[in-house]
Amino acid sequence: MLRARDEDATESSRQALSGFCEAYWPPLYSFLRHRGHSSADAQDLVQGFFAHLLEQNTLTRADQEKGRLRTFLLGSLQNFLYNEYDRQRALKRGGDRRVVSIEEHLPEAEAAMMATSHLSDAGCYDLVWASTIVRRAWDNLQTAFVTEGKAEWLEELRPFVAGGSATPPNQEQAAARLGVPIATLRTWLSRLRQRYRESLRMEVASTVSNPADVDGELQHLYQILVA
């Protein structure tokens, strides 16, 4: 990811950096808002923090210290906030660097922050991190199913996999709406659950510095979501 700041960086490394920043800015932003920063200041701080990571090669220490990248980033952000130089740059903390596009999902991040007001700052960070991973996994599935011409039945089957509904969906009714036998619907559900697990795993893998951390981060994500 750090190679993206070099002039000869490959397109894949730039995409990896972009995906990393897009996955982590909502929890970092929510943490800052939870700490009392205004929305504008939190946005500037996130941009400045990512620029700081690139400029200082800070992420290379995550591998050296053998810690979870998720917790390493939170600690690094806190250190960044305590730095007097950065506090003095409050009017434009991101400098001339606009590392990640925040506007598109800002309303979602703001709503997520408000929904975690009962949690600690770190608890807010973890829950928004988990929610962001899930959203990105579904977004990737949505893109794939649209390409395959299956967007309609993904929309129909998603409640069976995503949950969150007060009333459990009815398989017979869904099968009737899709015009398929119930056995076919159940086969589709099994395949969708498998693809969702794979998509979720890919998203978690994009947020860790060590592939060996993926299983542990997935387990942590599941624990956060069922708490």
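What counts, and where the lines are drawn
Residues numbered from 1 in each chain as written. Predicted model: local features only at pLDDT ≥ 70, side-chain atom pairs only at ≥ 80, totals over all residues. Heavy atoms only, no water. Helix = DSSP H or I, 4+ residues; strand = E, 2+ residues; numbered from the N terminus. Polar contact = N/O pair within 3.5 Å; in protein donor to acceptor, adjacent residues only side chain to side chain. Contact = heavy atoms within 4.5 Å. Salt bridge = Lys/Arg side-chain N within 4 Å of Asp/Glu carboxyl O. Buried < 20%, exposed > 50% of the residue type's maximum accessible area, 1.4 Å probe, protein only. pLDDT = per-residue confidence, 0-100. Expected span 1.5 Å × (residues − 1). Core = buried A, V, L, I, M, F, W, Y, C linked by side-chain atoms within 4.5 Å. Phe/Tyr/Trp six-rings, centres within 6.5 Å; stacked < 30°, edge-to-face > 60°. Lys NZ or Arg CZ within 6 Å of the ring centre and 35° of its normal.

Colleague: Whenever I open this one, the side chain of Glu 110 confuses me. Can you help?
Modeller: Within the secondary structure layout, Glu 110 lies in helix H6 (residues 106-115). Within the structure, the side chain of Glu 110 is placed 2.5 Å from the side chain of Tyr 29, a separation counted as a polar contact. A distance of 2.5 Å separates the side chain of Glu 110 from the side chain of Arg 33, its partner in a polar contact. Excluding residues within four positions of it along the chain, Glu 110 makes contact with Tyr 29, Arg 33 and Ser 39.

Colleague: Even after reading the chapter, I still don't get the pattern of salt bridges, so can you show me in this structure?
Modeller: Pairs may arise between side chains of opposite charge once their charged atoms sit close together. With the rule as written, the count across this model stands at 11 salt bridges. The residue Arg 33 makes a salt bridge to Glu 110 at a minimum N-O spacing of 2.5 Å. Placement of Arg 33 in helix H1 (residues 11-34) and of Glu 110 in helix H6 is noted, with a sequence separation of 77 residues between them. Glu 110 carries the same exposure label as Arg 33, and that label is buried. The shortest N-O distance in the salt bridge between Glu 148 and Arg 195 comes to 2.9 Å. With Glu 148 in the loop between helix H7 (121-147) and helix H8 (151-162) and Arg 195 in helix H10 (residues 182-205), this pair connects stretches of sequence that are 47 residues apart. What makes Arg 195 partly exposed here is its relative accessible area of 25%. Several salt bridges share partner residues, and in doing so they unite Glu 22, Arg 136 and Glu 203 into one network.

Colleague: Explanation requested: the confidence of the model for the protein chain in the structure shown.
Modeller: Detailed reading of the predicted coordinates is not advisable wherever pLDDT falls low. Across the protein chain, the average pLDDT comes to 80, with 78% of residues at or above 70. Averaged over each element, pLDDT in the protein chain is lowest for helix H5 (residues 84-88) (51) and highest for H10 (94). Throughout residues 1-7 the model reports pLDDT below 50, and contacts reaching past four residues in sequence, or to other chains, amount to 21 contacts.

Colleague: Got a minute to help me understand H8 in this structure?
Modeller: Note on helix geometry: an α-helix contains 3.6 residues per turn, so any two residues three or four positions apart are oriented the same way. Compared with the 16 Å implied by 1.5 Å per residue over 12 residues, the 15 Å span of H8 between its first and last C-alpha is a close match. In this structure, the buried side of H8 is in contact with H7, helix H9 (171-178) and H10.

Colleague: Would you explain the nonpolar core in this entry?
Modeller: Across soluble globular proteins, nonpolar side chains show a tendency to be buried alongside one another. If you look at the biggest cluster of nonpolar residues, it comprises 54 residues, and the most contacted ones within it are Tyr 24 and Phe 50. Those residues in contact with Tyr 24 that lie beyond four places of it in its chain are Phe 50, Leu 69, Arg 70, Leu 73, Tyr 125, Trp 129 and Thr 207.

Colleague: How should I be thinking about the packing of aromatic side chains in this particular structure?
Modeller: Each aromatic ring pair is summarised here by two numbers: the centre-to-centre distance and the angle between the ring planes. In this structure the tally under the stated criterion is seven aromatic pairs. Ring geometry for Phe 31 and Tyr 125: centres 6.5 Å apart, planes at 80°, overall edge-to-face. One end of the pair, Phe 31, is in helix H1; the other, Tyr 125, is in helix H7, with 94 residues separating them in the sequence. By the burial criterion, Phe 31 is buried, and Tyr 125 matches it. Here the aromatic residues Phe 49, Phe 50 and Phe 80 are joined through ring pairs into a cluster of three or more. In this arrangement the basic side chain of Arg 70 is found over the ring face of Trp 129, its NZ or CZ atom lying 5.2 Å from the centre. The ring of Trp 138 carries the charged tip of Arg 158 above its face, separated from the ring centre by 4.6 Å.

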